[in-house]
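These are the residues of each chain, in order.
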Amino acid sequence: MTRRVLGVDLGSTTAKAVVVDEAGAILASSTVAMGAVSRAGMHRCIDEAVGRAGIEVGDVSGTISTGYGRKLVPGIQRSYTEITCHARGVAAMVPGVRLIVDIGGQDSKAITVDKDGLVVDFAMNDRCASGTGRFYEVLARAIEIELPELGPLAMRGSQDLEVSSMCATFAETEIVSLMAQDMRVEDIASSVHRAIAGRTLALVAQVGRRTPVVMTGGVARNPAAVHFLSRALDHEVLVPEQPQISGAYGAALLAMESFLRTSPPVPDVPGADFIFPRVDHTAAGHSCAGCDGHLRGKVELGAAIPLRSS
Amino acid sequence: MTTTTTTTPARDQTNRLTMTRTGSKMIADYWEDLFVARENGKKIVWYNGGALNPMFQAAGLAWCHGEAFAARLAAQQLEGPAQLAGAEYGYNSELCSYSRTHLGCAVLTVQGSDDPQTGVVGLHDRVDLASKLPSPDFFVNNYAGCSTGQQWDEVSFRIFGKDLPIFNISHPFLWGNKPDAGYLRGEEWDSASQYVRGQLVELIDFMETQTGEPFDYDKLNESMTYIKRAAELRQEGLELCKAKPAPATFWDWIACIAPINFLPGDQALVDYFQGVKDEIQHRVDNGISGIENEKYRLYFDGIMNWNKLGFLSRRFAEHGAAVLAGRYIQNAFWQEPQLIDTSDPLLGMAQHYLLCPTNHGSKTLDYLTLKDTADYDIDGLVFHATRTCRAFTGPQRLLAKSARDNLGVPSIFFEGDVADASFYKDEILESRLVAMLEAIDVARERGDHKVAGSGAEVAWPS
């Protein structure tokens, strides 16, 4: 029977879910914009992804979650931070990647990875929403346009108005001030994008600039954000086809790897699809990967529990 | 996403030293004695920076260490009124929260002499505590490596009307980059040591003028003999914590700072550190660890976030992370007791004042950090980017890079503060900590975590 596993990224403003098969191929995905870390949004997102994969939730062999709301996702094997999952997902999407810039709704990250796609170093924004998707929302609201219109508008700007604020709230004040000076909205938009790229560059400096560079997160769908980051880095910035789902995809890949690592061959037990071997958790060489750390005490070696998968 | 909410960690998985309770009682008694020192006929000195208390003890004074009182208020979550008083006086939240708290105490102490109800927000008991410090008879500043610290007592001097004597000790910064320089060696070290020693001699003259009494050199030698022994026991206890699993953690040693930093040099101090060491030895002998299920060994760089001491100890233990070493413990507080000649302790004292962890150039900090990282077989470094202490925070990026490049040990940063809880965001620490532990797990599975393990030789940087 083909296994399908689920990765769920419950972020600050969107829920993302990805279903993959045993080969790690994406069968289906879903992205749902929602209120902050919304349970309802998460359930809708999971249902959509599973439905698009043509299966039921009960058919899912394993789930790993990530994102700020990762502890809220039901039925998970374990959760991982966004750092680990984004690195894993992007490395699969863009083999050879060395630097990942992920800008989400409320945070931004710079992650360096090694040749195997494993995290070498990372840095995240501190204190505030500076340089995050929230910053773009503030801009769009201030100049009274819809978010998807922001990038094309900024690409038409030419004059650098030197927006300096690090704080999204104060930036709004600065934007309003520029509008009161009758500056062109295109220039205001491009200047804000340039300022955010500068903030991102400071984040990249903490981990070291590497190439190839991949940008992910919802902001990567904004062509101006990618353009100004590319100019700031003085290097091409690659964007995966679905930049928002890289964390959920990474979670799904980790779920599948964990499942394959911990699942022995299907035993010859009538009615059983697989077994969970019992092991001594103090045994030398025992790997805790895939364990949430709550298992305690000794259990006898050699025993096994036959389980049906459905 | 940032949030000011701090979630309560899961079940407490720490196993704190029981001797901590003995230390807490000693410290509480010390402050109670200080609050009534004036009534007991003592002259009182306010000071900051290095541990001058044996000098004051020998001069028959009562002493108040400003940082220590600010830390105590913060550790008891009682710092608010003092900080608001400091803000009312004109100091904003970007000023060192130790000094902001203590200067607020000074304001409240001055106000308290004629209007005890002039609190800020009506939290009378807290205001009362913050204003309990007895007014000083004079000030001494002994701050190394921090420009705010060096001006701190000058400001207290002004709050008290510029009427009280003040003595400032100047400390050369130890750059450590001359050809013969190194830790505790070289011409820079020797000349700086003699320079500060000379000022201690002048301080003795100053104190004799203030007290009207001849300085008791025998009493100083006696006090420093006790302090040296206590410091040796502390070092022996720290050495024992290299065991696996570690019998005690950085947080236990944080709780031992106050006794070594400002309690009188006497038999009680020695007994306390003997008790600490004995308890740790007992744990080593019986395989008792400082946290349950030690899985990771971490280094903590930064001054303590006093508002969060208990919380952070539980937060790290919850992840199986034993925090074992840090610049604020291994590299501070009479950490080189062999330098102290108990028959003539002034030079060794001067040298310890220079050894303040904010008074070194990056080469020395790099050397000390890498050495402790190797000696304690550290898996990862956690940098507390102390918001209002830039002197401590300045070199942290260099240290993180060096640990990565030289030892293959990863780092994370989180922001907090020494005495202002508003700068701490739990989600930021939690997400970074867990991400680093995950990366360590993966690296271990691949067998390439760390290029140097326990006991690796760390050379002076070229």
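Conventions used here
- Residues numbered from 1 in each chain as written.
- Chains lettered and ligands numbered in written order.
- Predicted model: local features only at pLDDT ≥ 70, side-chain atom pairs only at ≥ 80, totals over all residues.
- Heavy atoms only, no water.
- Helix = DSSP H or I, 4+ residues; strand = E, 2+ residues; numbered from the N terminus.
- Rg over C-alpha atoms; globule rule 2.2 N^0.38 Å.
- Buried < 20%, exposed > 50% of the residue type's maximum accessible area, 1.4 Å probe, protein only.
- Areas by Shrake-Rupley, 256 points an atom, 1.4 Å probe, with all protein chains shown as cover.
- Lys, Arg positive; Asp, Glu negative; His and termini not counted.
- Charge placed at Lys NZ, Arg CZ, Asp CG, Glu CD.
- Salt bridge = Lys/Arg side-chain N within 4 Å of Asp/Glu carboxyl O.
- Pairing = 2+ DSSP bridges.
- Axes fitted to C-alpha atoms, helices over the stretch in contact; angles between N-to-C directions.
- Contact = heavy atoms within 4.5 Å.
- Parallel < 35°, antiparallel > 145°, perpendicular 65-115°, else oblique.
- Left-handed = near helix turned anticlockwise from the far one by under 90°.
- Nonpolar A, V, L, I, M, F, W, Y, C, P; charged D, E, K, R; others polar.
- Buried area = accessible area lost by both parts, 1.4 Å probe.
- Domains from an automatic or database assignment.
- Polar contact = N/O pair within 3.5 Å; in protein donor to acceptor, adjacent residues only side chain to side chain.

Participant: Run through the overall build of chain B, naming residues and quoting values.
Facilitator: Looking only at helices and strands, chain B features 19 helices and 8 strands. Relative to the globule expectation of 23 Å for 462 residues, the C-alpha radius of gyration of chain B, 22 Å, shows essentially globular dimensions. Projected onto the principal axes, the alpha-carbon positions of chain B cover approximately 70 × 50 × 40 Å. Sorting the 462 residues of chain B into buried and exposed places 60% on the buried side. Just so you have it, chain B exposes about 16800 Å², and 49% of that area is on carbon and sulfur atoms. Separation of charge centres in chain B, based on 42 positive and 61 negative side chains, amounts to 5 Å.

Participant: An account of the pattern of salt bridges is needed here, citing residue identities and associated values.
Facilitator: Residues and elements named next belong to chain B. The tally for this structure, following the rule as stated, stands at 39 salt bridges over all chains. Between glutamate 187 and lysine 178 there is a salt bridge, with the nearest N and O atoms lying 3.7 Å from each other. Residue class for lysine 178 comes out partly exposed when judged on its relative accessible area of 43%. Linking glutamate 294 and arginine 297 is a salt bridge whose minimum nitrogen-to-oxygen distance equals 2.8 Å.

Participant: Account for the sheet that holds strand β5 (residues 296-301) of chain B, naming residues and giving values.
Facilitator: All names here are of chain B. Read across the open sheet, the 4 strands follow the order β6-β5-β7-β8; overall the sheet is parallel. Here the strands that pair on one side only, and so sit at the sheet edges, are β6 (321-325) and β8 (411-416). Direction aside, the axes of adjacent strands within the sheet are offset by 35° on average. In terms of strand pairing, β5 meets strand β7 (residues 380-386) through 4 bridges, oriented parallel. Considered in β7, the bridge of leucine 298 is made with glycine 380. Packing against the sheet, helix α18 (residues 396-407) makes contact with β5, β7 and β8, and its axis sits at approximately 175° to β7. Packing against the sheet, helix α19 (residues 426-446) makes contact with β5, β7 and β8, and its axis sits at approximately 170° to β8.

Participant: Give me the lowdown on the packing of helix α13 (residues 309-318) of chain B against α19(B), citing residues and values where you can.
Facilitator: Residue and element names in this part refer to chain B. Axis separation between α13 and α19 bottoms out at 11 Å; the angle between their running directions is 25°. Comparing the axis directions of α13 and α19 gives the class roughly parallel. For the element pair α13 and α19, the recorded crossing hand is right-handed. On α19, the residues touching Phe311, Leu312, Arg315 and Phe316 of α13 are Asp426, Leu429, Glu430 and Leu433. Grouping the constituent residues of the contact of α13 with α19 by class yields 5 nonpolar, no polar and 3 charged.

Participant: Before we move on, could you go through the side chain of Ser411(B) and cite the residues and values that matter?
Facilitator: Structurally, the position occupied by Ser411(B) is in strand β8. Filtering out sequence-adjacent residues up to four positions away, Ser411(B) remains in contact with Asp121(A), Leu381(B), Phe383(B), Ala400(B) and Met436(B).

Participant: With reference to specific residues and values, describe the environment of Thr173(A).
Facilitator: All names here are of chain A. Summarising the element assignment, threonine 173 is placed in helix α5 (residues 168-180). In this structure threonine 173 comes out as exposed when scored by relative accessible area, which is 51%. Along the backbone, threonine 173 and glutamine 159 are 14 residues apart, and their C-alpha atoms lie at a distance of 19 Å.

Participant: Which residues make up the interface of chain A and chain B, and what values go with them?
Facilitator: Residue-level contacts link 27 residues of chain A with 23 residues of chain B. At the boundary of chain A with chain B, total buried surface from both sides reaches about 2100 Å², with 47% on carbon and sulfur atoms. Sorting the residues of the side of chain A that touches chain B by element identifies β5 (78-79), α2 (82-93) and β8 (119-124) of chain A as the ones contributing at least two each. In terms of residue count, the dominant contributor to the side of chain A that touches chain B is β8(A) (4 residues). Across the side of chain A that touches chain B, the residue classes break down as 9 nonpolar, 8 polar and 10 charged.

Participant: So what about unusual backbone geometry? Which residues, and what values?
Facilitator: The omega torsion of the bond from Thr211(A) to Pro212(A) falls at 0°, within 30 degrees of zero and hence cis. In this model, Lys244(B) is joined to Pro245(B) through a cis peptide bond whose omega is -5°. Counting through the fold element by element, Pro245(B) comes out in the loop between α9 (217-240) and α10 (250-255). Of note, the phi angle at Phe333(B) is positive, near 70°, even though the residue is not glycine. Along the chain, Phe333(B) turns up in the loop between α14 (327-330) and α15 (346-354).

Participant: Report on the packing of helix α4 (residues 147-155) of chain A against helix α6 (residues 185-207) of chain A, specifying residues and quantitative values.
Facilitator: Between two packed helices, both the angle of their axes relative to each other and the distance between the axes serve to describe the pair. Residues and elements named next belong to chain A. Contact geometry for α4 and α6: axes closest at 7 Å, N-to-C directions at 100°. Relative to α6, the element α4 is oriented roughly perpendicular. Only Val185, Glu186, Ala189, Ser190 and His193 of α6 make contact with α4, whose side of the interface consists of Leu150, Leu153 and Ala154. Within the contact of α4 with α6, the residues separate by chemical class into 5 nonpolar, 2 polar and 1 charged.

Participant: I'd like to hear about the sheet that holds strand β10 (residues 237-238) of chain A, residue by residue, with values.
Facilitator: Residues and elements named next belong to chain A. Read across the sheet, 5 strands follow the order β8-β7-β6-β9-β10 without closing on themselves; strand pairing throughout is mixed. Strands with a single pairing partner mark the edges of an open sheet, and in this sheet they are β8 and β10. The strands touched by α6 are β6 (99-103), β7 (108-113) and β8; relative to β8, the strand with the most contacts, the crossing angle is about 145°.

Participant: Talk me through the pairing of β8(A); I want residue IDs and the actual numbers.
Facilitator: Both β7(A) and β8(A) contribute to a ladder of 5 bridges, which runs antiparallel. Each bridged residue has a counterpart across the sheet, and for Val113(A) the counterpart in β8(A) is Val119(A).

Participant: How would you explain the domain arrangement of chain A if you had to name every residue and give the values?
Facilitator: Residue and element names in this part refer to chain A. Domain assignment breaks chain A into domain 1 (4-89 + 246-260), domain 2 (96-239) and domain 3 (268-310). For domain 1 versus domain 2, the distance between C-alpha centres works out to 26 Å. Domain 1 puts 10 residues into the contact, and the matching count from domain 2 is 13 residues. Between domain 1 and domain 2, roughly 870 Å² of surface is buried when both sides are summed, and carbon and sulfur atoms account for 69% of that area. Counting the surface domain 1 buries against domain 2, the share from its top three residues, Ile83, His86 and Ala87, is 57%. At the junction of domain 1 with domain 2, the criterion picks out 0 salt bridges. Applying the counting rule to domain 1 against domain 2 returns 2 residue pairs in polar contact (both at pLDDT 80 or more). Here the side of domain 1 that touches domain 2 gets 6 residues from one element, more than from any other, and that element is α2. Class assignment of the residues belonging to the side of domain 1 that touches domain 2 gives a composition of 3 nonpolar, 5 polar and 2 charged.

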